[in-house]
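Inside the fold
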Amino acid sequence: MKAEEEVALRQLQQELDDNFKSIFDRYGRNGIPLGELRVEINERALMEHIPVERMNYLLQRADRDADQHVTYREFSRMMTEDLTKEERKLFPRMMRTAIASLIPRREREDFIANYNCCPPPIFIPLISAVEIAVFIVYVFDLKKNNIETTSTTGVALYSPLVYKPTRRYEAWRFLTYMLMHQGYLHIISNIGFQLLFGTTLEIVHKWWRVGLVYLLGVIAGGLAHSISDHNVSLVGASGGVYAILGAHVAAIVINWKEMNYKCLDPNEMQDNVCFGIGRILLSAPVRLAIILLLVVPDLSVAIYRRVTEPAANKIGVTAHLGGFLAGVMLGIVILKNVNTLTWEKALGWVTLAIYLAFVAFCCLFNALYEGYPPTDWTALA
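Residues numbered from 1 in each chain as written. Predicted model: local features only at pLDDT ≥ 70, side-chain atom pairs only at ≥ 80, totals over all residues. Heavy atoms only, no water.

The chain appears in an unreviewed UniProt entry as Rhomboid-related protein 2-like isoform X3 from Biomphalaria glabrata. UniProt annotates the chain under Subcellular location (unreviewed entry) with the comment "Membrane". (UniProt positions renumbered as here; feature names shortened; annotations may be inferred.)

In terms of regular secondary structure, the chain is built from 17 helices and 2 strands. Counting contacts in the chain only where the partners sit at least 6 residues apart, residues at least 24 apart contribute 76% of the total. Accessible surface, the chain: about 19,700 Å² in total, of which carbon and sulfur atoms supply 65%. (Helix = DSSP H or I, 4+ residues; strand = E, 2+ residues; numbered from the N terminus. Contact = heavy atoms within 4.5 Å. Areas by Shrake-Rupley, 256 points an atom, 1.4 Å probe, with all protein chains shown as cover.)

Our next topic: the UniProt feature "transmembrane region" (unreviewed entry) in the chain. Within this numbering scheme, the UniProt entry marks residues 122-140, 174-195, 207-227, 234-256, 276-296, 317-335 and 347-369 as carrying the feature "transmembrane region" (unreviewed entry). In residues 122-140, the share of helix is 95% and the share of strand is 0%. The end C-alpha atoms are 28 Å apart. In the segment residues 317-335, helix accounts for 95% and strand for 0%; the C-alpha atoms at its two ends are 25 Å apart.

Once that is clear, we can look at the UniProt feature "active site" (unreviewed entry) in the chain. As annotated by UniProt and renumbered to match this structure, "active site" (unreviewed entry) occupies Ser238 and His320. The annotated residues occupy 83 residues of the chain but converge on a single region, no pair of C-alpha atoms lying more than 5.8 Å apart. Structurally, Ser238 can be placed in helix 11 (residues 238-254). Its relative accessible area of 9% is what places Ser238 among the buried residues. Those residues in contact with Ser238 that sit more than four places away from it in its chain are His186, Asn190 and His320. One can find His320 in helix 16 (residues 317-334). Taking the relative accessible area as the measure of exposure, His320 reaches 12% and is therefore buried. (Buried < 20%, exposed > 50% of the residue type's maximum accessible area, 1.4 Å probe, protein only.)

Together, Ile122, Trp207 and Trp208 make up a nonpolar patch on the protein surface, roughly 300 Å² of accessible area in all. Position of Trp208 among the secondary structure elements: in helix 10 (residues 207-228). A relative accessible area of 44% places Trp208 in the partly exposed class. (Patch = residues over 30% accessible without salt bridge, like charges linked within 9 Å, V, L, I, M, F, W, Y side chains within 5 Å. Salt bridge = Lys/Arg side-chain N within 4 Å of Asp/Glu carboxyl O.)

With that settled, the discussion passes to the nonpolar core. Counting residues in each nonpolar core, the largest one holds 53 residues, and the members touching the most others are Met178, Met180, Tyr214, Ile244, Val295 and Phe324. Residue contributions to this core peak at 8 residues, all from helix 11. Once residues within four sequence positions are removed from consideration, Ile244 is found in contact with Ile124, Phe197, Gly198, Leu201, Val210 and Tyr214. Ranked by size, the runner-up nonpolar core spans 20 residues in total, among them Leu12, Phe24, Ile32 and Leu58. (Core = buried A, V, L, I, M, F, W, Y, C linked by side-chain atoms within 4.5 Å.)

The following block contains the structure:
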């Protein structure tokens, strides 16, 4: 008889692992808030076959560490140790119903609930690896020509990847210039920024959304540079990096309320101090302040150097600015909006139209403007 019970418990544990573990994982290591679970069970009248007193007792037993959250381990122990055989037949379906209805509501209200690594960040690590590989290849290629790559110099302007005003008809250059960098500091700073801010963006918004914003930001940066600096070549992934920073601003705009969910709730701080502080640090105003502290000084210095030292330091300021604005405009319509409002949807269509109009204008400008240097029609080596 005891052997049969052990077999039954093992089967039950396997069923719990198959049906509940992934659900609890979406809530993070703190588990499901006990209060929310109790309210959901009451609202959905799921205690039809279990008395209220018994249900409250079981939920209280489940919260063994009294932190007002139920983790999967606590839930599993409750299911295997505290329930009667009859209750085990009723409880799984009831809990699945309650938890399944909690998750969409929580994801709409709480932006942090959308953080997960399934799938893990893919695009930013991959594009970073490609940019590093291309940089290394050209370091050795330049060395063959007795040109050393230093912290601030060393770029193969002869590469078919570089954007050149004289070869604007080779449209791929408006994208591939992101793979080329001038000196170690250039690539280190770009890779560092995009890994830091891009991977965190992917955890919520996923790689395909972030990848699309990044690549379209690169194109916007290249086009913006082409209509403002008619005689200057362009290299670097700054257009994509700034598109990522702009996308963070867009995410803040469309998820402002959700990012501030319980960030100043004293109960949240009392339950878990680290988690409460984390909510404050990840709140919309703090995020926005960090992005502005990065973007505004960097752009200001770049503009100043561009104006005062145009010959010595040709910085693609408009590529930075074009990428950033593209990130803001496209982020509003492409990135995940956990609780879409009517005005946000309308704003998304407006910003998408502005981006497309900008691209169309730049294409016409490149085709019709006569102030560019003579076109180089020679074949690529």
